[in-house]
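Understanding the architecture of this molecule
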Amino acid sequence: MAPGSDVIDRPVAVAETPSGPPARRWLVPLLLVVGWVLSVAWRMWLSRHIVLPIAHTDEDSYLNTARALAGGPGGFSSENDLLRRVGYPMLISPAFLGDRDFADSYRLVQLINAMVNSTLLPLAYLFGRRLFALRRSYALLGAVVAATLPATVFYAGVAMIDAVLAPLVVAWLLAVHRWVARPGALAAATVGLLVGCFHLLHSRGLVIVAVHAGLVLLLFVRRRINPPVVLAALLPVLALALVNEAVIRHLGSAVYLLGDTPGGSTIEAVASFRGVVRAGAAVTTQLWYLVVITFGLAGVAWAAAVRELWRPRYGDAVRWTMGVGLVVTVGVAGGSSVILAGVTGKPLDAIYGRYVQMLAPFWLLVGLGVLLSAVHRVAVRRVAVAVALLVAGGTVIAVRLAYVASQGHSLRYGGYSAPELMVLTGGWRELRPVTGTLVGIVGCLLLVVAARMPRLRLPILGALVVVNLVTMQVIEQRIVRTFVAIATPTPQVADVGVRPGERVWASTGVPFILRFNLSHQVTWTDVRWFDEQPPAAAQVVFVRWAPGQADDWDGAAYGFVRLGGNPAQHWAAWRRG
């Protein structure tokens, strides 16, 4: 044993033995089932005002593809050939089976999201028990903290892939821990299947596939697995990649793509010193953001993970799991920053945290496990590292924002990327790195108290749950309802007299958010677009209605009769006379 090292420290909070009355053994599973049901209900309640998509054009793409998979008409997708994925549309496609209104299908999509998203609760409990042997009470309340994180909950109410990624991350890394601890073909196949799901769901899965391949290679080189186990780990990934291609071929031209395949612009964006600095600032911002929204626990977890790589304390399986998590975090943050830098038609963001949000519950759980299983001096060291990361990251962001402002520009939030940061910092119109750093430091101080005084651990965890609940309530009132008001066309398509079976087209003159949501209500056909003159096949058109303005569309000139609409929202429906 090395003197002065924290290697000799033993966990303070250990798991109870499974012995006890049968009623006690059934208590935790019962609580998890009840918690899952309540979690689903809470998510559905939060999304009660969202009756049409608000996150365009991602939602529109997934919904159009899901409808086509269910046998209905297709539509557009904002994806490109290289990064196209069909896993999420496959998951929600049952919502479009049968003859029902779009609003009903959309509500079913939200229910599917809520059910999958809420599995984070039992998964997080298992994570705390298996990796850190936490007491049941700590593991349960820690799981509630993770399952109520706004970074995860926010997406359950919209048709976004992010609704299912956070629980999948925890499930995958739980499986990695199991596989390393007990190498075998079944464990390897489970890990491979979950990695294949990532690839099937989103392009972020490419990072995870690469990390998985590296993990398999390392385990094989170290003679911890044999060739049959290697095949068991890799074949599910290949199989699901083939499923993705097969489903794309099955869709054919029913779903047409509007996205541009990444090319030279992406390389050019980071092929200079200035480009590298921009990408580095974006990565720093995403990592800083993870530390803030996890109340400093992500920073604690990273400090422990780096230490674990060269001096294991929690065991070999935890060491490998933390290492995999670190590589994936840096890979996703770096990869997304490079890809976004290459989107030349999009202004730079002050922050775009959406791609790393799926990792927030995992790192929160790791940080929590580290603090609750370490002696006080070790916990203080880890928290000190988290504070240093907060200060350093906040400084980099503040300098970046000040420099951009000195050039006469400003950086905004990326769309739907950091809603809880707006609430926690009060930065509704601008990113506030200093306030965010202070929020994270306050969280770190509470964690020091929890590490020092075990009797306050449960109350502090309960307080974090309350913060999450209140934050989500503010997000629902201040952000979600605002988007709903902007994105919901009134009256509804059926109320202006558009009849099922009619061939409907939409003008590009209609504001795109309203154009998409008008089109969704036409469930019997794919609504295509036109510029000025409607095609001869069109029976009904959605067009711009702007009385007194030069771009007000006059349907009478083309033989159409106006059915109705909303001049305040600048849209109207016309039928060919």
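Residues numbered from 1 in each chain as written. Predicted model: local features only at pLDDT ≥ 70, side-chain atom pairs only at ≥ 80, totals over all residues. Heavy atoms only, no water.

1. Topic: the side chain of Thr471
Selection criterion: The helix and strand labels rest on DSSP assignments: H or I over at least four residues marks a helix, E over at least two residues marks a strand, and numbering proceeds from the N terminus. Nitrogen and oxygen atoms within 3.5 Å of one another constitute a polar contact, given that in protein one can donate a hydrogen and the other can accept it, and given that sequence-neighbouring residues count only through two side-chain atoms. When checking whether two residues touch, look at their non-hydrogen atoms; a contact exists if any pair is within 4.5 Å.
With respect to the secondary-structure elements, Thr471 resides in helix H20 (residues 457-487). Polar side-chain contacts of Thr471 include one of 2.7 Å to the backbone oxygen of Val467. Apart from the residues lying within four places of it in its own chain, the contact partners of Thr471 are Pro150, Glu420, Val423 and Leu424.

2. Section: the pattern of salt bridges
Defined as follows: Whenever Lys or Arg places a side-chain nitrogen within 4 Å of a carboxyl oxygen from Asp or Glu, that contact is recorded as a salt bridge. Only protein chains enter the accessibility calculation, which uses a 1.4 Å probe; a residue is then buried when its area is under 20% of its type maximum, exposed when over 50%, and partly exposed in between.
In total, this model carries 13 salt bridges according to the counting rule given. When the shortest N-O distance is used, the salt bridge between Asp162 and Arg204 registers 3.1 Å. Residue Asp162 is found in helix H8 (residues 162-181), and its partner Arg204 is found in the loop between helix H9 (185-201) and helix H10 (205-221); the two are separated by 42 residues along the sequence. The same class applies to Asp162 and to Arg204, which are both buried. Glu476 serves as the salt-bridge partner of Arg481, at 3.1 Å between the closest nitrogen and oxygen. On the accessibility criterion, Arg481 (34% relative accessible area) is partly exposed. The class for Glu476 is buried, based on a relative accessible area of 1%. Linked through salt bridges whose partners overlap, the residues forming this network are Asp58, Asp162, Arg204 and Arg354.

3. Side note on the environment of Val191
Secondary-structure assignment places Val191 in helix H9. By relative accessible area, which is 0% here, Val191 ends up buried. Distance in space between the C-alpha atoms of Val191 and His212 is 8.6 Å, their sequence separation being 21 residues. Ignoring sequence-local partners within four residues, the contact set of Val191 consists of Trp172, Ala175, Val176, Trp179 and His212.

4. Quick look at the nonpolar core
Convention followed: Each nonpolar core is a collection of buried residues, namely Ala, Val, Leu, Ile, Met, Phe, Trp, Tyr and Cys, held together in the definition by side-chain atoms within 4.5 Å.
Judged by nonpolar contacts, the single largest core of 146 residues is most densely connected at Trp172, Trp179 and Trp363. In terms of residues, this core owes the most to one element, H8, which gives 14 residues. For Trp179, the residues in contact, after removing those within four places along its chain, are Gly184, Ala187, Ala188, Val191, His212, Leu215, Val216, Leu219, Ile225, Val229 and Ala233. Counting 14 residues, the second largest nonpolar core, distinct from the first, contains Val498, Val522, Val527 and Trp571.

Shape is all these values report; function is a separate question.
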